[in-house]
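# Reading the structure
Spelled out, the chains give:
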Amino acid sequence: MADSRAGIVPRLRQWAIGRLRRSRFLPVGMPDKRTDEDRLGRAFAQAVLVYFPNGADALYQLRPWFAALKALDAAHGVVAVFKDSRTAALVRAESGLDCVTLARYGQLDEILALSDVKLALYVNHDPINFECLRFTSLVHVYLGHGDSDKGVSVSNQVKAYDFCFLAGQAALDRTSAGVMLYDASARSVLIGQPQLDVPAPEPQPDPSRSTVLYAPTWEASQPSVSYGSLLTHGSAVVDALAGTHRVIYRPHPLNGVIDPAYGEADAAIRARADRVDTDVPLEQSFADADLLITDVSAVTLNWLPTGKPVLVCRPRVPVPPSRLMDTLPLLDEDADVAALVAQHLSTDPSAAARRDLIEYYLGDTSPGAATERFLQACSGAMDLRDRAWAEHRRLGATGP
């Protein structure tokens, strides 16, 4: 009798887990692991795999790559692999890519054994990436989700990948200086920022006043890189500009996930801003604004090609040394925000210095140039894989 009950308990537990995953109550940040059963035992027809084991709350990391991945899909075929079916459904609807949810590592192993996938792409350093990184028949490439001077942009985790596709010389210099025992020049390919190749949308200005975009970063998971300005600058920025300028607030999607105080500050600013840009592309926010107030983040770099003025909030942690941070005006906590905004809107004193940094940080920003370099880099990586894999199998068959 006891043995019978012991067998029932695990089955009940599995039944309950299955019901929870099929329900709408599983937290969005927790993968539901609902496998696409109809894809099991079938080879991937595509040559490129994008691995994204995260939930929908992290899609801000993948969305900027949609246009470039669609171009890559047209050239070589792209399949995106997820652990959360809800995230896969969103990406499928928004990008049109082939999206597959696989709950267990063994399922990916089974499918790759049947497939001729050559290249795996990653947009973050999630530890779960190692479930895909272990496969030796693929070339593994880290794309990231936006270059920046944040301290976390230098990581020993780059060593896990065969190559890193970087935006510009600044990223290569940063990696070379910051990562020990790593040949950054040999393992990096400069491609620019394909995310910037999206056609600029039509601006939607306020004819009666200038527009200021406030786009802070989040509090971060490590205190040493907590560059978010919501607690230090947020209220002061909105209060100082209210009425005189149209204030657009573009919050980071992870505000408050570590420190609830950031979530409270985010809610307060949402209530006071003229517009909250959570449902429009970043490019639209950029097009509508005359000046940007932001933090040490990728937003700062992506803004450079607009040619419009920018102020960076000085964080309470040390500002990472870089040519960009040495060039841009920093906004102190006790600064006269209204006066500084008026000055930079009228004279833009850092304009020439910013222009000199565009190529160093972003490479060629001519429309389409970065996407073409991305496609060439992917083709080159796959050609290298084919040669290396053929040699690997030859040695396996004949011995060294």
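For every chain, the first residue of the written sequence is number 1, and numbering continues from 1 along that sequence. Where totals are concerned, whole chains, interfaces and linings use all residues; where local detail is concerned, this predicted model gives features only for residues with pLDDT of at least 70, and gives and counts side-chain atom pairs only at 80 or more. The side-chain values count all of the structure's non-hydrogen atoms but skip hydrogen atoms and water molecules.

As recorded in an unreviewed UniProt entry, the chain goes by the name CDP-glycerol glycerophosphotransferase family protein, listed as coming from Aeromicrobium phoceense.

## Quick word on empty space enclosed by the protein
We apply this condition: Put simply, the grid is 1 Å and covers the protein atoms alone, a cavity is a trapped set of points that fit a 1.4 Å probe, a pocket is an open set with protein on both sides within 12 Å along at least five of seven lines, and lining residues have an atom within 4 Å of a point. Grid points are joined across faces, edges and corners, and a volume is the space filled by probe spheres set on the points. Note that Gly is not counted as nonpolar here; it falls among the polar residues with everything else outside the nonpolar set of Ala, Val, Leu, Ile, Met, Phe, Trp, Tyr, Cys and Pro and the charged set of Asp, Glu, Lys and Arg.
Within the structure shown, the criterion is met by one cavity of 30 Å³ or more. By volume, the largest cavity amounts to about 40 Å³. Tyr51, Val81, Lys83, Leu102, Arg104, Tyr105, Leu108 and Glu131 together form the lining of the largest cavity. Of the residues contributing to the lining of the largest cavity, the split by class is five nonpolar, no polar and three charged.

## A few points about the sheet that holds strand β8 (residues 211-215)
Think of a sheet as strands paired side by side through backbone hydrogen bonds, with each pair either parallel or antiparallel. Spelled out, the test is: Following DSSP output, two strands are said to pair if at least two bridges run between them. Comment: elements are numbered from the N terminus, with helices defined as DSSP H or I runs of at least four residues and strands as E runs of at least two. Only heavy atoms enter the contact rule, under which two residues are in contact if any of them lie within 4.5 Å. Every axis corresponds to a line fitted to the C-alpha atoms, with the helix fit spanning only the stretch in contact, and the corresponding angles, defined between N-to-C directions, vary from 0 to 180 degrees.
With parallel pairing, six strands are arranged side by side in an open sheet as β10-β9-β8-β11-β12-β13. Two strands in the sheet have a free side with no partner beyond their single neighbour: β10 (275-276) and β13 (330-331). Sheet topology places β8 next to strand β9 (residues 246-249); four bridges connect them, and they run parallel. Across the sheet, residue Thr211 finds its bridge partner in β9, namely Arg246. Against the sheet, helix α8 (residues 230-241) contacts β8, β9, β11 (291-294), β12 (310-313) and β13, and its axis sits at roughly 165° relative to β8.

## Observations regarding the sheet that holds strand β2 (residues 78-82)
Read across the sheet, seven strands follow the order β3-β2-β1-β4-β5-β6-β7 without closing on themselves; strand pairing throughout is parallel. Where the open sheet ends on each side, the last strands, each with one partner, are β3 (98-101) and β7 (188-190). The mean inter-strand angle of the sheet, taken between neighbouring strand axes irrespective of direction, is 25°. Here strand β4 (residues 119-122) runs beside strand β5 (residues 139-142); their pairing, made up of four bridges, is parallel. Its bridge partner being in β5, Ala120 is matched across the sheet by His140.

## Describing unusual backbone geometry
A negative phi angle characterises most non-glycine residues, just as the trans form characterises most peptide bonds. As a reminder of what qualifies: The rule is simple: take the accessible area with a 1.4 Å probe, protein chains only, and divide by the maximum for that residue type; under 20% is buried, over 50% is exposed, in between is partly exposed.
Positive phi is not limited to glycine here, since Ala220 has a value of about 75°. The class for Ala220 is buried, based on a relative accessible area of 11%.

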